[in-house]
Amino acid sequence: MNKLQGLSPSSVQLWGQCPRKFYEEKMMGRSGGTGEAALLGTFVHLVLENLMQFEMEDRVVEVARKVARSSWDEFAASKEWLEWIAETGFTAEQAFRRQGWASVIGYFQMEKPSEIDVIATERFMSATIEGVPVRGIVDRLDRDVFGGVVIVDYKTGKVPSPWFRAPKLQQLNIYAALVEEVDGTRPDEGRLLFTSFSETIATDVTAESIWSAVDVLKNAWADIDRALNDDLFPTKPGPLCGWCPFVGECDEGLAEVKARRSAGKLKATAPAWELAGT
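What counts and what doesn't
Residues numbered from 1 in each chain as written. Predicted model: local features only at pLDDT ≥ 70, side-chain atom pairs only at ≥ 80, totals over all residues. Heavy atoms only, no water. Buried < 20%, exposed > 50% of the residue type's maximum accessible area, 1.4 Å probe, protein only. Helix = DSSP H or I, 4+ residues; strand = E, 2+ residues; numbered from the N terminus. Pairing = 2+ DSSP bridges. Right-handed = clockwise from strand over helix to strand, strands pointing away. Expected span 1.5 Å × (residues − 1). Contact = heavy atoms within 4.5 Å. Axes fitted to C-alpha atoms, helices over the stretch in contact; angles between N-to-C directions. Salt bridge = Lys/Arg side-chain N within 4 Å of Asp/Glu carboxyl O. Parallel < 35°, antiparallel > 145°, perpendicular 65-115°, else oblique. Left-handed = near helix turned anticlockwise from the far one by under 90°. Nonpolar A, V, L, I, M, F, W, Y, C, P; charged D, E, K, R; others polar.

## A few points about the pairing of strand β3 (residues 149–155)
Within β3, 7 of the 7 residues are buried, leaving the element largely enclosed by the surrounding structure. Because side chains alternate across β3, one face comprises the buried residues Val149, Ile151, Asp153 and Lys155, and the other comprises Val150, Val152 and Tyr154, equally buried. Sheet topology places strand β2 (residues 132–143) next to β3; 4 bridges connect them, and they run antiparallel. Bridge pairing links Leu141 to Ile151 in β3. Between β2 and β3, which pair antiparallel and follow one another directly, the connecting turn spans 5 residues, one of which, Gly147, has a positive phi of 90°. Across 6 bridges, the pairing between β3 and strand β4 (residues 189–194) is parallel. Considered in β4, the bridge of Val150 is made with Glu189. Crossover connection from β3 via helix α7 (residues 166–183) to parallel β4: handedness right-handed.

Written out as structure tokens, the structure reads:
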């Protein structure tokens, strides 16, 4: 029997990315610390969530500016932020805030929030789907002009190339399956909003796309069960090893980043850059 309480769309992606990293984070409760990129995403999410609580006609840039200021006070008092600046000695607060605001402005270049019919923001949902306990927080649920439901997921990171978008779209379809299970209504569309780059990736939600995502979900749950029974969570070396907080404890991952640095395929900004040079 699986010892996990459930899977989220992001944890399914993590399992596919690297079972060893999944084990460290989800089974052992090790996060490796919160990074600047994750904190930026948290801040931008908070600003947009708070903005969407206003009446439609009030969701304008001038109001968003005030919301960003008030949201900063809330964010700056958070445990994650305080621990991170204490650990890293981070002092570039103004630059961080400007970067966050630029991402919010990027959002306004993608949508007119004054025209968005918001159903819910930051909605926690849980259900058992095909025998798998699933839980997750949906950034935003909208009602489109035709009365259909749209799932919106904010992203502050880089826009993936077409060859690497499948896991992100799969996440949207797992959220869609969750919404359908809980509300009894299948969403019509999923949208990834890459706010820092003002780019949207949209996908139609169909019975087939949900079935495919749920199939991945079931397979992941079964594979995790087998891994627990066998006490075997293998490493899956790849480009993301350079950003893995556990790479220093992982022989396969360390070998991967060293090989990538030697081949000129590891970015100097990767946290594992120094390790790869030893």
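## Comments concerning helix α8 (residues 207–230)
The end-to-end C-alpha distance of α8, which contains 24 residues, comes to 34 Å, matching closely the 34 Å that a straight helix rising 1.5 Å per residue would cover. Looking only at α8, the buried set comprises Ser209, Ile210, Ala213, Val214, Leu217, Ala220, Trp221, Ile224 and Ala227. Contacts from the buried residues of α8 go to α1 (9–17), α2 (19–27), β1 (117–129), β2, α7 and β5 (199–204). Just downstream of α8 lies Asp231, where phi reads positive at about 50°.

## As for the sheet that holds β2
Within a sheet, each strand pairs with its neighbour through backbone hydrogen bonds, oriented either parallel or antiparallel. Strand order in the open sheet formed by 5 strands is β1-β2-β3-β4-β5, and the pairing between neighbours is mixed. The open sheet is flanked by β1 and β5, the only strands paired with a single partner. The sheet shows a mean angle of 35° between the axes of neighbouring strands, direction not considered. Examined bridge by bridge, β1 and β2 share 11 bridges and lie antiparallel to one another.

## With respect to the environment of Lys66
As for its position among the elements, Lys66 is in helix α4 (residues 61–76). Counting along the chain gives 19 residues from Lys66 to Val47, while the straight-line C-alpha distance between them is 9.7 Å.

## Here we look at the pattern of salt bridges
Applying the stated rule across the entire model yields 15 salt bridges. Here Arg140 and Glu111 are joined by a salt bridge, their closest N and O atoms 3.1 Å apart. Residue Arg140 is found in strand β2, and its partner Glu111 is found in the loop between α6 (93–108) and β1; the two are separated by 29 residues along the sequence. Like Arg140, the residue Glu111 is buried in the burial classification. Arg191 serves as the salt-bridge partner of Glu189, at 3.2 Å between the closest nitrogen and oxygen. With a relative accessible area of 18%, Glu189 lands in the buried category. The network of salt bridges with common partners includes Arg20, Glu24, Arg30 and Glu249.

## Comments concerning the packing of α4 against α6
The interhelical angle for the contact between α4 and α6, taken along N-to-C directions, is 140°, at an axis separation of 11 Å. With respect to α6, the axis of α4 lies oblique. Classified by chirality, the crossing of α6 by α4 is right-handed. The residues of α6 that touch α4, namely those facing Val61, Ala64, Arg65, Ala68, Trp72 and Phe75, are Glu93, Phe96, Arg97, Trp101, Ile105 and Phe108. Residues of the contact of α4 with α6, tallied by class, amount to 9 nonpolar, no polar and 3 charged.

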